[in-house]
Amino acid sequence: QVHLVESVGGSVAAAGSLRFSCAASGSILSNATMPWYRQAPAKQRELVGIINSGGSTDVADSVKGRLTISRDNAKNTVDLQVKSLEPEDTAVYYCRALSALGNYWGQGTQVTVSS
């Protein structure tokens, strides 16, 4: 059974930054495409960024220039860093792994940005 575990997101004032990670059991991450999503209260889950197995990334227009995704295959982790945070970034952030072994979700981590 594959498990994805996100580290604690946190609370920060507007204009601050946060970095959190997604870790997987086993070596699934090294060959997986890893999208990141977020879901704000009363809103649909939205894709904010993605990194493929080769390390290429793409991010949503809403966070472009502020969000960076990176991976460390040796540590079996994928990191998400968001800077210049805005109250509108408040949401639960989820990682996901798309691999030949299946499709897995993390449990989500709360990010709260105060104005």
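Asks: In this structure, what is going on with the overall build of the chain? I would like to understand it.
Replies: Scanning the chain for helices and strands turns up 0 helices and 11 strands. Counted from the first residue to the last, the chain has its helices and strands arranged as β-β-β-β-β-β-β-β-β-β-β. Over its C-alpha trace the chain gives a radius of gyration of 13 Å, about what one expects of a compact globule, namely 13 Å for 115 residues. Principal axes of the C-alpha set define a box for the chain whose edges measure 40 × 25 × 25 Å. Excluding contacts between residues fewer than 6 apart, the proportion of contacts in the chain whose partners are at least 24 apart in sequence is 53%. Surface accessibility of the chain: about 6000 Å² in total, with carbon and sulfur atoms responsible for 49%. Each charge sign in the chain was given a centre, from 10 positive and 9 negative side chains, and these centres are 3 Å apart.

Asks: Explain the packing of aromatic side chains here, please?
Replies: Note on aromatic pairs: each is described by the distance of the centres and the angle between the planes. A full pass over the atoms with the stated rule returns 4 aromatic pairs. Ring centres of F20 and W36 lie 5.6 Å apart, and the angle between their planes is 75°; on these two criteria the pair is classed as edge-to-face. Separated by 16 residues along the polypeptide, F20 in strand 3 (residues 18-24) and W36 in strand 4 (residues 34-39) bring together distant segments of the chain. Summarising the burial analysis for this pair, F20 and W36 share the class buried. Summarising the aromatic geometry, the rings of F20 and Y93 are spaced 5.6 Å apart at their centres and angled 70° between planes, so their arrangement reads as edge-to-face. Here the residue F20 occupies a position in strand 3, and Y93 occupies one in strand 9 (residues 91-99), the gap between them amounting to 73 residues. On the accessibility criterion, Y93 (1% relative accessible area) is buried. Ring-pair connections join several aromatic residues into one group, and the members of that group are F20, W36 and Y93. The ring of Y94 has R45 sitting right over it, with the charged end atom 3.8 Å from the ring centre. The positively charged end of R45 is found above the aromatic ring belonging to W105, 4.8 Å away from the centroid.

Calculation notes
Residues numbered from 1 in each chain as written. Predicted model: local features only at pLDDT ≥ 70, side-chain atom pairs only at ≥ 80, totals over all residues. Heavy atoms only, no water. Helix = DSSP H or I, 4+ residues; strand = E, 2+ residues; numbered from the N terminus. Rg over C-alpha atoms; globule rule 2.2 N^0.38 Å. Contact = heavy atoms within 4.5 Å. Areas by Shrake-Rupley, 256 points an atom, 1.4 Å probe, with all protein chains shown as cover. Lys, Arg positive; Asp, Glu negative; His and termini not counted. Charge placed at Lys NZ, Arg CZ, Asp CG, Glu CD. Phe/Tyr/Trp six-rings, centres within 6.5 Å; stacked < 30°, edge-to-face > 60°. Buried < 20%, exposed > 50% of the residue type's maximum accessible area, 1.4 Å probe, protein only. Lys NZ or Arg CZ within 6 Å of the ring centre and 35° of its normal.

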